[in-house]
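Residue-level structural notes
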Amino acid sequence: METASELAVRLTKLSREQFWNVYTEFDWPEALSGERYCMKPELISIYGTELWDELDEAQRMRLSLYEIGNFFSLTLQGERPLVAGLSDRLYSKKVTEEATEYLHHFIDEENKHMIMFGVFLQKYLGKVYPEKKIVLDREYSKGEEELAFFCKVMVVEELGDYYNVKMMLDDAIEPIVKQVNWVHHRDESRHLGFGRRHLTELAEQWLPVWDDATKARFSDWLGAYIKSSWSDFYNPKMYDDAGMRDVAGTGYQIRKMALAHPATAAHRAKASKKLVNIFLRLGLLQEQPDL
């Protein structure tokens, strides 16, 4: 099997061949048409609930703008610590020389993504939704912090790519949204390939030396992290900004309803299937998490 270092050499070549300029890649329209969805309806957080059925087409389309705004904000906010963490690993003993060379491209592409999402959000929403996660200090066993970092990277990128793929070929949504999703997936397909291979090697290195208590603790943390990441898709402010308060109560009430609904639980399970199966196969999760 190809090692992460060997894969990094191939990915570096591809990144050079597909190098792009974030400032010339897009022809940003002055305004969105308002005649198309901004997020594919099946991906909207309340899709399949009774509340979704009660909304008229105009309300659904308005909500889709703030849903894509929240999704792009989550991706942007998730990429900030990713870039910082990857930068810390440049020219360190944590990665090989070949991987370091590829990480330069990885970081460059993630920085372009943040610019891309930032332009969209400021131009069409006038803001970026802030990050809600709180980072708590904790003690790590040997190798645990490194595995935790690349698991976080995998969660952000696998869940985001599920949405990208669903929207990047959809002619029914706003063309600029379709293009942003396509450009993001184009780079992320390489990032995901490297991340899966590197995470596999880290798991093979460290899991055999951990005791059962450490493995169980890590599995519990990872399941909770995935669940917490999904909860961010149900942003109360997003619902309030979309004018949902007059329809169904406060954003927090809508969030509570949506998170508990069987239809949304089924969506989270489906969208997480590939990600969860990777973690289960590697032994990083010991059981299917309740999402």
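These notes cover the structure that comes with them. Given the structure is predicted, the values throughout are model-derived calculations rather than measurements.

Observations regarding the overall build of the protein chain
Helix and strand counts for the protein chain stand at 11 helices and zero strands. The helix and strand sequence of the protein chain, counted from the amino end, reads α-α-α-α-α-α-α-α-α-α-α. For a compact globule of 291 residues, the expected C-alpha radius of gyration is about 19 Å, and the protein chain comes in at 20 Å, within 12% of that figure. When its C-alpha atoms are laid out on the principal axes, the protein chain stretches across 55 × 45 × 30 Å. Counting across all 291 residues of the protein chain, residues that qualify as buried make up 54%. Put simply, 81% of the contacts in the protein chain that link residues at least 6 apart link residues at least 24 apart. For the protein chain, the computed accessible surface area is about 14,100 Å², with 52% contributed by carbon and sulfur atoms. Treating the 37 positive side-chain charges of the protein chain as one cloud and the 47 negative ones as another, the clouds have centres 1 Å apart.

A look at helix α6 (residues 175-206)
The periodicity of an α-helix, 3.6 residues per turn, causes residues three or four positions apart to be oriented the same way. Over its 32 residues, α6 extends 45 Å from the first C-alpha to the last, a length consistent with the 46 Å expected when each residue adds 1.5 Å. Most pronounced at E188, the bend in α6 amounts to some 30°.

Quick notes on the pattern of salt bridges
Following the criterion strictly, the structure yields 19 salt bridges and no others. A salt bridge links R10 to E2, with the nearest nitrogen and oxygen atoms 2.9 Å apart. Classification of E2 by relative accessible area gives partly exposed; the value is 31%. Three or more residues joined by partner-sharing salt bridges are found here, namely R89, K94 and E146.

Things to note about unusual backbone geometry
Positive phi, normally seen in glycine, also occurs at Y91, with a value near 55°. Mapped onto the secondary structure, Y91 falls in the loop between α3 (57-89) and α4 (97-124).

Reading guide: rules and limits
- Residues numbered from 1 in each chain as written.
- Predicted model: local features only at pLDDT ≥ 70, side-chain atom pairs only at ≥ 80, totals over all residues.
- Heavy atoms only, no water.
- Helix = DSSP H or I, 4+ residues; strand = E, 2+ residues; numbered from the N terminus.
- Rg over C-alpha atoms; globule rule 2.2 N^0.38 Å.
- Buried < 20%, exposed > 50% of the residue type's maximum accessible area, 1.4 Å probe, protein only.
- Contact = heavy atoms within 4.5 Å.
- Areas by Shrake-Rupley, 256 points an atom, 1.4 Å probe, with all protein chains shown as cover.
- Lys, Arg positive; Asp, Glu negative; His and termini not counted.
- Charge placed at Lys NZ, Arg CZ, Asp CG, Glu CD.
- Expected span 1.5 Å × (residues − 1).
- Bend = angle between axes of the 7 residues up to and from the residue.
- Salt bridge = Lys/Arg side-chain N within 4 Å of Asp/Glu carboxyl O.

Purely spatial values, then, with no claim about function.
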